[in-house]
Amino acid sequence: MSNVLRAPAGDHLRYWKMNGLGNDFVIADTRSTSFRVDGALARALSDRDEGIGCDQVAALEPSDRADLFMRIFNADGSEVGACGNVSRCVAVLLADENGLEHCMIETASGVIAATATSTDTASVDMGAPKFGWIDIPLAHPVDDTSEVFIGPAGAGAAEDDVFDLGLASVVNVGNPHCVFWVDDAEAIDLARIGPALEQHPLFPERVNVSMAQVNGPDSITLRVWERGAGLTRACGTAACAVTVAAARTGRAKRHLTVNLPGGPLDIHWRASDDHIIMTGPVEWEHRGEIDISPMGALTGFREVA
Ligand SMILES: N[C@H](CCC[C@H](N)C(=O)O)C(=O)O
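Model, not experiment: these values are computed from the prediction. (Residues numbered from 1 in each chain as written. Predicted model: local features only at pLDDT ≥ 70, side-chain atom pairs only at ≥ 80, totals over all residues. Heavy atoms only, no water.)

What to know about unusual backbone geometry
As a reminder of what qualifies: Only DSSP runs of H or I covering at least 4 residues are called helices, and only runs of E covering at least 2 are called strands; the numbering of each starts at the N terminus. Burial classes: relative accessible area under 20% of the type maximum marks a residue as buried, over 50% as exposed, and values in between as partly exposed (1.4 Å probe, protein chains only).
The omega torsion of the bond from Ile136 to Pro137 falls at -5°, within 30 degrees of zero and hence cis. For Leu21, which is not glycine, the phi dihedral falls at a positive 55°. With respect to the helices and strands, Leu21 occurs in the loop between β1 (12–20) and β2 (23–29). What makes Leu21 buried here is its relative accessible area of 11%. Although it is not a glycine, Arg206 sits at a positive phi angle of roughly 65°. Along the chain, Arg206 turns up in the loop between α4 (190–198) and β12 (208–216). A relative accessible area of 21% means that Arg206 is categorised as partly exposed.

Below is the structure:
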């Protein structure tokens, strides 16, 4: 996608830097311009040395189906369909902007409803999970996606550890997730085996990888290697995926607290409509401006008061 003819009129965009439990975001506002963020710009913005630095970039665009369209990019520039933590940030941002606590956010995976319950907390209805192998997606048919053997990845030494992890549960909650059930989530060297699992040939669109330690019927400790972003302090969609997978396999109840390195999320897989409701905090970090070249490249950025 070329931005050559669509550079913003003022050659800069406003942005907000926010996070959900330390999973941090640059939220770029392109609603009033014809400019569109692309993967290359998202990568540049995400770079913690040369750019603003973040796990994901969310570009706000106009929508004719919802209050806005939120285009989500991972730090590696890959565009994805869901991001729970940034959805809470955008809900609070919209409430601050228009005074309305409820909003609808369109994403590539569909329209989600969100409620800003205060200036720094929000609840998001992430919709219903999908379990079919085609919906995950997986590279070949699998009958029971709640217990999947993740075979050799051909990725060398790191894959040997995978076999000790046993069977995984896979689910799509707007993006693909693979959940391993472990006794001690912090004991797994996820930085070492995460890349091999993320790129495993069973997942044609790659996958987000979770190590889940069930503490009891309503508490899980979680560590996540995110597709396109690596280790993060929190992952809202992984918390949703783990809750669904634990309830589906009888390991925990449908409403529980998921404890991530950045803090806890309240996740409820509602029995009445199968929707997943995620509730948690939002942190404002700063506001700023991004300078864009006529070719759509990042040429500068600054915080503004
Ligand atoms: N941190 C995000 C997940 C981003 C998902 C992305 N890593 C993907 O490729 O699906 C969250 O809070 O849900």
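Resuming the write-up.
Quick look at the site of the ligand
Applicable threshold: We call a residue near a molecule or strand when any one of its heavy atoms sits within 4 Å of it. Pairs of N or O atoms within 3.5 Å make up the polar contacts considered here, provided that, within protein, one atom can donate a hydrogen while the other can accept it, and that residues adjacent in sequence are counted only when both atoms are side-chain atoms. Accessible surface area values rest on a Shrake-Rupley calculation with a 1.4 Å probe, where residue burial reflects the displayed protein chains alone. Gly counts as polar in this scheme, as do all residues outside two lists: the nonpolar Ala, Val, Leu, Ile, Met, Phe, Trp, Tyr, Cys and Pro, and the charged Asp, Glu, Lys and Arg. Domain limits in this description derive from either an automatic procedure or a database domain assignment.
Neighbouring the ligand are 15 residues, the closest being Asn23, Gly84, Arg227, Gly236 and Thr237. Contact distances for the ligand include 3.1 Å between an oxygen atom and a backbone N or O atom of Asn85. Gly236 is positioned such that a nitrogen or oxygen atom in its backbone is 2.7 Å from an oxygen atom of the ligand. Burial of the ligand by the surrounding chains reaches 100%, relative to a free accessible area of 360 Å². Sorting the residues of the shell around the ligand by element identifies α2 (84–98) and α5 (236–248) as the ones contributing at least two each. Classifying every residue of the shell around the ligand gives four nonpolar, nine polar and two charged. In terms of domain composition, the shell around the ligand takes at least three residues from each of domain 1 (4–126 + 282–304) and domain 2 (156–274).

Some words on the nonpolar core
Considering soluble globular proteins, one finds that nonpolar side chains tend to be buried as a cluster. As a reminder of what qualifies: By nonpolar core we mean a set of buried residues, namely Ala, Val, Leu, Ile, Met, Phe, Trp, Tyr and Cys, connected to one another through side-chain atoms within 4.5 Å. Contacts: residue pairs with any heavy atoms within 4.5 Å of one another.
Core analysis: the biggest nonpolar cluster contains 57 residues, and Ile27, Met70, Val90, Leu222 and Leu260 have the highest contact counts within it. Element by element, the count of residues in this core is highest for α5, at nine residues. In this structure, this core is formed jointly by two domains, domain 1 (4–126 + 282–304) and domain 2 (156–274), each of which donates at least three residues. Once residues within four sequence positions are removed from consideration, Leu222 is found in contact with Ser210, Met211, Ala212, Ala238, Ala239, Val242, Val258, Asn259, Leu260 and Pro261. Listed in part, the 21 residues of the second largest apolar core include Ile136, Ile150, Phe203 and Met211.

A word on the pairing of β2
Applicable threshold: Pairing between strands is defined by DSSP: at least two bridges between them are needed. Here the term right-handed applies to a crossover when the path leading from its first strand over the helix to its second strand runs clockwise, the strands being oriented away from the viewer.
Within β2, seven of the seven residues are buried, which leaves the element mostly enclosed by the surrounding structure. One ladder, built from seven bridges, connects β1 with β2; its direction is antiparallel. Of the residues in β2, the one forming a bridge with Gly20 is Asn23. Here β1 hands over to β2 after two residues, with Leu21 in that stretch at a positive phi of 55°. As defined by bridge partners, β2 adjoins strand β3 (residues 56–61) across five bridges and the pair is classed as parallel. Each residue of the ladder has a partner; that of Val26, found in β3, is Val57. In this fold, the crossover linking β2 to β3 by way of helix α1 (residues 39–46) has right-handed handedness.

Describing the UniProt feature "binding site: substrate" (unreviewed entry) in the chain
To be explicit about the condition: UniProt positions are given in the numbering used here, feature names are shortened, and annotations may be inferred rather than shown by experiment.
When the UniProt feature table is mapped onto this chain numbering, "binding site: substrate" (unreviewed entry) sits at Asn23, Gln56, Asn74, Gly84, Asn85, Asn175, Asn208, Glu226, Arg227, Gly236 and Thr237. Relative to the helices and strands, Asn208 resides in strand β12. Among the residues examined, Asn208 registers a relative accessible area of 3% and is labelled buried. Look past the residues within four positions of Asn208 in its chain and what remains in contact with it is Asn175, Pro176, His177, Cys178, Trp225, Glu226 and Arg227. Arg227 gets classed as buried once you look at its relative accessible area, which sits at 7%. The residues touching Arg227, leaving out its near neighbours within four places in the chain, are Asn74, Val80, Asn175, Pro176, Glu198, Glu205, Arg206, Val207 and Asn208.

A word on the packing of aromatic side chains
Under the convention used in this document: Only rings of Phe, Tyr and Trp enter the pairing, Trp through its six-membered ring, and a pair is recorded when the two centres are within 6.5 Å. The plane angle decides the type: under 30 degrees is stacked, over 60 is edge-to-face, the rest tilted. Only lysine NZ and arginine CZ atoms are considered, and such an atom sits over a ring when it is within 6 Å of the ring centre and within 35 degrees of the ring normal.
Tallied over the entire structure, the rule returns one aromatic pair. Measuring from ring centre to ring centre gives 6.2 Å for Phe131 and Trp269, while their planes differ by 65°; the resulting arrangement is edge-to-face. Residue Phe131 is located in the loop between β8 (121–125) and β9 (148–149), and its partner Trp269 is located in strand β16 (residues 263–269); the two are separated by 138 residues in the primary sequence. Under the relative-accessibility criterion, Phe131 is labelled partly exposed at 21%. If you follow Arg248 out to its NZ or CZ, it ends over the ring of Phe131, 3.9 Å from the centre. Above the plane of the ring of Trp269 lies Arg254, whose end atom (NZ or CZ) is 3.9 Å from the centre.

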